[in-house]
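Each chain is listed here by its residues.
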Amino acid sequence: MTRITTFPAVIWLLAAVLTGAFLWQMLAVTNREVITNDEGFHTYAGYRYWQCADFGVNPEHPPLAKMMAGLGLRIAKIPAPSGPCPVVSTAKGSGYADSAEWLYGSTGPSAAAKIDRVIPLARRGMVTFALLLALTAFFFTRRMFGDPSALVSLALIAFEPTLIAHGSLVTTDMALSATSLLAVASFFLFHRRRTLQGLLLAGLSCGLALSVKHSGVLIVPTLLLLAIAELTFDWNSGEQSRTSKVLKEASAVLFILFLGFGVLWATYHFRYAARPDGAQMTTSLNDFIADTRAKENHSVILKTIPFLAHHHLLPEAYLYGLVDVLSISDPGQSAFLFGHLYPHGVPQYFPSVILIKTTLGMIGLALLSLLAFRKHSFDIRPFYFLAPSLVWLLAGMVSTLNIGYRHILPVIAPLCCLIGAAIVHLWRTTNGRFVRSAIAVLLVAHVASSLAAFPNELAYGNEIFGGVSNNHNLLTDSNNDWGQALPQVATWLKDNRVTDCSFAYDGFARPNHSGIGCNRIIANLFELNGDKGEAQLSGVQSGTFIISGLSWSGIEWERPDLNPYEVFQKAKPRAVIGGADMVYTGTFDMSRVIAINQLAEAMSLNGEKQFSQALGPARAAAHEMPTSAFAHLTLANALAGVGLNDQAHQEYQQAETIAASQPEWYFLQRAEIRAGLATTAHASH
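Reference entry: report on the structure contained in this document. (Residues numbered from 1 in each chain as written. Predicted model: local features only at pLDDT ≥ 70, side-chain atom pairs only at ≥ 80, totals over all residues. Heavy atoms only, no water.)

Turning our attention to the overall build of the protein. For the protein, the count of helices and strands is 27 helices and seven strands. Compactness check: the protein gives a C-alpha radius of gyration of 26 Å against a globular reference of 26 Å for 685 residues, within 12% of the reference. Oriented by its inertia axes, the alpha-carbon framework of the protein measures out at about 80 × 60 × 50 Å. Here the protein holds 685 residues, and 57% of them are scored as buried. Across the protein, every contact between residues at least 6 apart in sequence was considered, and the portion connecting residues at least 24 apart equals 74%. For the protein, the exposed surface amounts to about 27,200 Å²; the carbon and sulfur share of it is 61%. Positive and negative side-chain charges in the protein, numbering 47 and 47 respectively, have mean positions lying 12 Å apart. (Helix = DSSP H or I, 4+ residues; strand = E, 2+ residues; numbered from the N terminus. Rg over C-alpha atoms; globule rule 2.2 N^0.38 Å. Buried < 20%, exposed > 50% of the residue type's maximum accessible area, 1.4 Å probe, protein only. Contact = heavy atoms within 4.5 Å. Areas by Shrake-Rupley, 256 points an atom, 1.4 Å probe, with all protein chains shown as cover. Lys, Arg positive; Asp, Glu negative; His and termini not counted. Charge placed at Lys NZ, Arg CZ, Asp CG, Glu CD.)

And the structure:
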């Protein structure tokens, strides 16, 4: 590919404009969207890291990205969560509750002022990583292929809907995208000029990638692949022996990884213990590992963690978070793709998501860019963009955790850089008007499609798949509904003068804070709450119903045939708000929704050890849903709790029969069922 290096003022200006457009879109969305599902807990944890150095809170991810979100709050002197460093529970459920209490617990105007100030501040801190991504992509591509390629690559990134959607959220995904690309770029620069400064920069960048997300460990195989590629391309050149080349390369990679893991330790204050002052995790690391194994987790990595912990080779909080990741990714969670609910991830998930959520302009440019390689003598430069994209994509495809494009977000920017360089090369080496016209049209189409989706980039789907308004039929979770569209729901209700409504909202934010007065109906099995009080439902009910995309898809329930909102899947929505929430008006059978509500109530009462109160709703739920393993398990737990062991044993047996007939749906519950069977059998004798 031809490399041109001219850098007049116009190049600087265009780069600044494109970077500004990228940041403006993210900041504009930041001010429009309410807090999404994971942001509250991440923000709360990030503040506590600064406040207390308590890395036991939200250890699911390394602390660096969350600390960036908390830094702005610390500087702004936002009131600290939970006072001066109390010892709080490290259970994930308690963490979500504590963060909700911090953000929403106070009453009156101060509550509204806090949430409206905290989240925008935290998100602006996260935009730092988006800026790092844009700058790294621009200067990395420019160093390889010149100014025009760098500008086109930056344009592709600046109007990429998924990058815009996740760029400012208080999550770890953009942080990993930026730091992993920086690590790859630093590795490239080190190999062009083998200096100590370059080696240190590569190690530091590698450490940043490791310190923002557990999947940042994929930077290790990425750098190994690049090291092998460097050796391959340099195998027959120069005067050094091949053995010497291998030893030098191996030494450099080992030093980079050693320094990288040193940076990871630094983010944990070089302390093995997860919590300060001798405080312990609510569930110990050993108990957490044992519980994860009991839930049919067969990960090889899980077996190595006790060794790593015993020898303090990695921080306790990092290892604890790694167990957390493994506990939800093996055997996995249910996945929703093209309207079909799978019990766990499938290999075609991420390629399909890329196809749905990439603009048609970008897809066209990617196909055209293949022409650039047809007559081009291959060198190592494109491999620096291909290697990281392939590593993260292949890791995603073998994963059984398929709940969002964001989990392979590091794939996007390197591909944008590669496509940008390829189409500029194609433009310069072709004399055909058709090809040049196609490139121009596709670039415009990419930008136009992205802008047309604003401010709903989180729910983006390209035009072939029906756009934002049809995305809920194809995907769910952070691909379209992450609880972000409450302001748009409030606007729709006001514009249509709807005051009597029922809302199944599955999100962290509070609908009443956005001025939504709908009665709450159950959104998932593990949350019973209501801002205006829970709706009193009858078997058949008429009215206006708003159903969150998460609840609608079925991934929050059991098998597809037990989705309480299946009745709405068969109806045409009156409106699709922000791609996330569907509005239905008419008469619907709500008996399954009532039963699910009773089941959730019984589960909650069992958790509070109020077994006698749980019996009534548990019996009603099992009667209405006789094929639900959850219902029979919940009734069995309530019966065992009041000492009716014979009846409990029968219900455990019924739950086991259902779970054994469809084990892929109940791998998490089967250990609890088996324990209940053993306990009640022993008690009966």
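This paragraph deals with the packing of aromatic side chains. The final tally for this structure, using the stated rule, is 26 aromatic pairs. Ring geometry for Trp24 versus Phe454: centroids 5.7 Å apart, planes at 20 degrees, classification stacked. With Trp24 in helix α1 (residues 9-32) and Phe454 in the loop between α19 (433-453) and α20 (486-495), the pair connects residues that are 430 residues apart, well separated along the chain. Since its relative accessible area comes to 54%, Trp24 is described here as exposed. Plain terms: the ring middles of Phe545 and Phe568 are 5.5 Å apart, the flat faces sit at 55 degrees to each other, and that makes the pair tilted. Taken together, the residues Phe545 in strand β5 (residues 540-548) and Phe568 in helix α22 (residues 566-569) connect sequence positions 23 residues apart. Of the two residues examined, Phe545 and Phe568, each falls in the buried class. Among the aromatic residues, ring-to-ring pairing joins Phe545, Trp557, Tyr565, Phe568, Tyr584 and Phe588 into one connected group. (Phe/Tyr/Trp six-rings, centres within 6.5 Å; stacked < 30°, edge-to-face > 60°.)

What follows is about unusual backbone geometry. Omega for the bond connecting Phe454 with Pro455 falls within 30 degrees of zero, at 0 degrees, which places this linkage in the cis form. Mapped onto the elements, Pro455 comes out in the loop between α19 and α20. With a phi angle near 55 degrees, Asp277 is a residue other than glycine that sits in the positive phi range. Tracing the backbone through its elements, the reader meets Asp277 in the loop between α11 (242-267) and α12 (285-294). Residue Arg497 is not a glycine yet carries a positive backbone phi of 55 degrees. Examined against the element boundaries, Arg497 turns out to sit in the loop between α20 and β3 (501-504).

For the coordinates displayed, the defined rule picks out two disulfides. Disulfide pairing places Cys52 opposite Cys85 at an S-S distance of 2.3 Å. An S-S torsion of about -100 degrees defines the bridge between Cys52 and Cys85 as left-handed. Residue Cys52 is found in helix α2 (residues 39-52), and its partner Cys85 is found in the loop between α3 (64-75) and α4 (92-104); the two are separated by 33 residues along the sequence. A relative accessible area of 11% means that Cys52 is categorised as buried. Cys85 gets classed as partly exposed once you look at its relative accessible area, which sits at 35%. (Disulfide = S-S within 2.5 Å.)

Before going further, it helps to examine the side chain of His42. Looking at the secondary structure, you find His42 in helix α2. With a relative accessible area of 6%, His42 lands in the buried category.

For the rest of this paragraph, the subject is the nonpolar core. Membership of the largest hydrophobic core comes to 100 residues, with the highest contact counts inside it found for Phe22, Phe140, Ile219 and Tyr384. Examining the composition of this core, we find that 12 residues originate from one element, helix α5 (residues 109-145), more than from any other. Setting aside chain neighbours within four positions, we find Phe22 in contact with Ala130, Ala134, Ile157, Ala158, Leu163, Ile164 and Met174. Counting residues in hydrophobic clusters, the runner-up holds 59 residues, among them Ile115, Ala317, Cys518 and Ala575. (Core = buried A, V, L, I, M, F, W, Y, C linked by side-chain atoms within 4.5 Å.)

What follows concerns the pattern of salt bridges. Counting across every chain of the model gives 14 salt bridges. Glu60 is the salt-bridge partner of Lys92, the closest N and O atoms lying 3.4 Å from each other. Of this pair, Lys92 sits in helix α4 while Glu60 is found in the loop between α2 and α3, placing the two residues 32 residues apart along the sequence. By relative accessible area, Lys92 is classed as partly exposed at 32%. (Salt bridge = Lys/Arg side-chain N within 4 Å of Asp/Glu carboxyl O.)

Here we come to the environment of Ser450. Locating Ser450 in the fold gives a position in helix α19. Taking the C-alpha atoms as reference, Ser450 lies 8.1 Å from Tyr460; in sequence the two are 10 residues apart.

Our next topic: the pairing of strand β7 (residues 581-589). Each regular strand displays side chains that alternate between the two surfaces of the sheet. Bridge analysis of β5 against β7 gives nine bridges, and the strand direction is antiparallel. Residue pairing across strands places Phe545 opposite Tyr584, the latter belonging to β7. Note: strand β6 (residues 575-577) against β7, three bridges, orientation antiparallel. Paired with Ala575 across the two strands is Val583, which belongs to β7. (Pairing = 2+ DSSP bridges.)

This next bit is on the environment of Gly507. Along the chain, Gly507 turns up in the loop between β3 and β4 (519-520). Each C-alpha atom, one on Gly507 and one on Gly483, is 4.3 Å from the other, the two residues being 24 residues apart in sequence. The contacts of Gly507, once residues within four sequence positions are left out, are Asn37, Gly483 and Glu527.

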